[in-house]
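Listed below, chain by chain, are the residues.
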Amino acid sequence: MSQKTITLYTDSDFFSPYVMSVFVSLVEKALPFSLHTISLSAGENLQEAYTRLSATRRVPTLVIDDFQLSESSAISEYLDERFPAPEYARLYPQDKQERARAREIQAWLRSDFMPIRTERSTEVVFAGLRLPPLSDSGQQAANKLISGLERLLSDGRRYLFSEWCIADTDLALMINRLVLNGDNLPEYLRQYASYQWQRPSVQQWLALSQK
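Quantities reported herein were computed from a predicted structural model and do not represent experimental measurements.

1. Regarding the pairing of strand β2 (residues 34–38)
Phase 1 of the analysis: In the sheet, strand β1 (residues 6–11) pairs with β2 via five bridges, with the strands oriented parallel. If you follow tyrosine 9 over to β2, its bridge partner there is histidine 36.
Phase 2 of the analysis: Handedness of the crossover is the feature at issue here: the chain leaves β1, passes through helix α1 (residues 17–29), returns alongside β2, and the resulting connection is right-handed.

Have a look at this one:
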């Protein structure tokens, strides 16, 4: 396979959980890529140059030669299909049912838990911000998250499935919104998120966000 020119467009603060997900995917695949920062606060994502790349006008956007794609889970799925195992690391489980479950978890995290995402911004995760206690709706969302994960992780496993997948990184970030603010969570969720946070690809992203 010929070498491709890959560019990942990211927020300039490196606070986006969705860019992080794609960044980790690229690093896990060992694909060489360059980063191009976009200032969301200055509205650079709304300027004509960027809208030609991204119909959604959001980050991340991935450009491979003359192909552009936005939305993090779509990008990770595309990378797994375009650069498949065994030549490249796998981002999703090999088993079809587990792969479907991983996508289910990703969709769940992206479509639900708005109170957590609002009250526990990624500044908590990446900049050490500490915020007041959760509101009633925030606590209800946290309880929903905990309840949904009990059957998946309460046995103390390190991964959602038999080995790491990109859904582990996405899930650990959601959990760490709470953990890193000092909110009350079961110990098995704290340990799971801590273990995921030590992954070298995640540490590379954290190094960018903490500059």
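2. Examining the environment of tyrosine 50
Phase 1 of the analysis: Its location among the elements puts tyrosine 50 in helix α2 (residues 48–51).
Phase 2 of the analysis: Accessibility expressed as a relative area gives 3% for tyrosine 50, which makes it buried.
Phase 3 of the analysis: C-alpha of tyrosine 50 to C-alpha of isoleucine 38: the two residues are 12 residues apart in sequence and 8.8 Å apart in space.
Phase 4 of the analysis: Excluding residues within four positions of it along the chain, tyrosine 50 makes contact with Tyr9, Ile38, Glu44, Asn45, Arg57, Arg58, Val59, Pro60 and Thr61.
Phase 5 of the analysis: Here arginine 58 takes part through its backbone oxygen, which lies 2.6 Å from a polar atom of the side chain of tyrosine 50.

3. Considering unusual backbone geometry
Phase 1 of the analysis: The peptide bond linking valine 59 to proline 60 adopts the cis configuration, its omega dihedral lying at 5°.
Phase 2 of the analysis: Within the secondary structure, proline 60 sits in the loop between α2 and β3 (61–64).
Phase 3 of the analysis: Residue proline 86 follows alanine 85 across a cis peptide bond; omega there is 5°.
Phase 4 of the analysis: Here proline 86 lies in the loop between α3 (72–82) and α4 (96–111).
Phase 5 of the analysis: Residue phenylalanine 14 is not a glycine yet carries a positive backbone phi of 60°.
Phase 6 of the analysis: Along the chain, phenylalanine 14 falls in the loop between β1 and α1.
Phase 7 of the analysis: Positive phi values are uncommon outside glycine, yet alanine 30 reaches one of about 60°.
Phase 8 of the analysis: When you line up the elements, alanine 30 lands in the loop between α1 and β2.

Each value, and the rule that gives it
- Residues numbered from 1 in each chain as written.
- Predicted model: local features only at pLDDT ≥ 70, side-chain atom pairs only at ≥ 80, totals over all residues.
- Heavy atoms only, no water.
- Pairing = 2+ DSSP bridges.
- Helix = DSSP H or I, 4+ residues; strand = E, 2+ residues; numbered from the N terminus.
- Right-handed = clockwise from strand over helix to strand, strands pointing away.
- Buried < 20%, exposed > 50% of the residue type's maximum accessible area, 1.4 Å probe, protein only.
- Contact = heavy atoms within 4.5 Å.
- Polar contact = N/O pair within 3.5 Å; in protein donor to acceptor, adjacent residues only side chain to side chain.

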